[in-house]
Structure formats: structure tokens, C-alpha cells
Amino acid sequence: VGTPLHQLRPLSDRRNNEALLRVVQQGYNVTGVELWDVGPAGEARCFRNTVVGVIERERVRRVWITQQDVTAEKEWEIELVQARDAADDARRRAEEANRAKSEFLAVMSHELRTPLNAIGGYAELMEMGIRGPVTGQQREDLRRIQASQRHLLGLINEVLNYAKLETGTVQY
């Protein structure tokens, strides 16, 4: 009782004390104001303050103050925000990597289809004998080439369709 506010509160910033007193002197109570300051051991602390003025004869005669050290809560909130930011950043990077992968698959699929189609076309032309007569063994080899070409082309088309599904550009 009768102790100046700056001696009661561990806050070292007199401006905070004076601002709280001005609000109380205007007839308002202060509830839940959080202020960071230096604690008794010199460490940063956060205090949640409630200041209530007792008015007698139109003047604030007494001030009731409660303080709660909410440093751990505030540090947890800061960590939560940092973790959320890190998760958002990781999600953004993963989405960018996924888009790059899909674009790469689409481009590479097209790049591989062109020479594979050419191989298939040349094998058909050779089988027709445009370069001369084809022996039975050569015809068998050309069929294997064509079967392998169709198999690889099918795999590439599946990869291309998968990439289109991921990018949402599938057309039926």
C-alpha cells in the first residue's frame, strides 16, 4: 500500500508504468496487457498485467495490480509460429518439386516418344524389304525390335499419362 507502481512491478520501462497509470486514472481498468521486460535474473520475461483503479471522490486513490508470468506460454507461441512457418515453407518447396517433376516427366516422355516412333517406323520399313530382301532371322529380329519399341512406348505413354494426371491436364 502506498508503494509506487514502478517498485511493485518488475518492469523496468517507466513508460509502460506511466501508460498503465494514465489509463487507470481515466477510469478504465487494464486487463490482460502483455509486456516484455527484464526479469529478476536479467532474462527476458513476459508479464500479463491487470491493473484496476479504486476511485474515491472522483480520483484514483488506490491501484490493484496482478501480474502473471506468461513467458513460457509466449515462448511456446513463438515456437509454434516458427514451426508453422517451417511447415508451410516445406510444403511450398515440396509442391514446387512435384510440379518440376511432373514437367520433367512430360517433357522427357515427349522427347523419348519421338525417337521410339522413328525406330518403330524404320523397323516396319525394313520388314517390308525397302532396303532389300529380309531373311527369316532378320524378320524375327525386326519383330523383337518392334515389340520392344511398343513396350517402351507403352511405358512412356503411361508415365506421360501419370504426369498429365498430376498436373490436371488429362484429356479424354
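The model shown is predicted, which means the values in this text are computed figures rather than measured ones.

1. Here we look at the overall build of the chain
Part 1: In terms of helices and strands, the chain carries four helices and three strands.
Part 2: Counting helices and strands in the order they occur from the N terminus, the chain gives α-α-β-β-β-α-α.
Part 3: Residues counted as buried form 18% of the 172 residues belonging to the chain.
Part 4: When contacts within the chain are restricted to residue pairs at least 6 apart in sequence, long-range pairs at least 24 apart make up 44% of them.
Part 5: When the accessible area of the chain is evaluated, it comes to approximately 12600 Å², of which 55% is carbon and sulfur surface.

2. Quick look at the confidence of the model for the chain
Part 1: Of all residues in the chain, 88% have pLDDT values of 70 or greater, and the mean over the chain is 83.
Part 2: By mean pLDDT, the top-scoring element of the chain is helix α3 (residues 71-127) (91), and the lowest-scoring one is helix α1 (residues 5-8) (56).

Conventions used here
Once a new chain begins, its residue numbering starts again from 1 and follows that chain's sequence as written. With pLDDT at 70 or above as the cut-off, local features in this predicted model cover only qualifying residues; side-chain atom pairs require 80 or more to be listed or tallied, and sums for whole chains, interfaces and linings still use all residues. Working from all heavy atoms in the structure, the side-chain values ignore hydrogens and water. A run of H or I in DSSP counts as a helix once it spans at least four residues, and a run of E counts as a strand once it spans at least two, with each numbered from the N terminus. Partly exposed describes any residue whose relative accessible area lies between the buried limit of under 20% and the exposed limit of over 50%, with all areas from a 1.4 Å probe on protein chains only and scaled to the type maximum. Contacts between residues were defined by any pair of non-hydrogen atoms, one from each residue, lying within 4.5 Å. Note on areas: these come from Shrake-Rupley sampling with a 1.4 Å probe, and a residue is covered only by the protein chains present in the view. Per-residue confidence from the predictor is given as pLDDT, running between 0 and 100.

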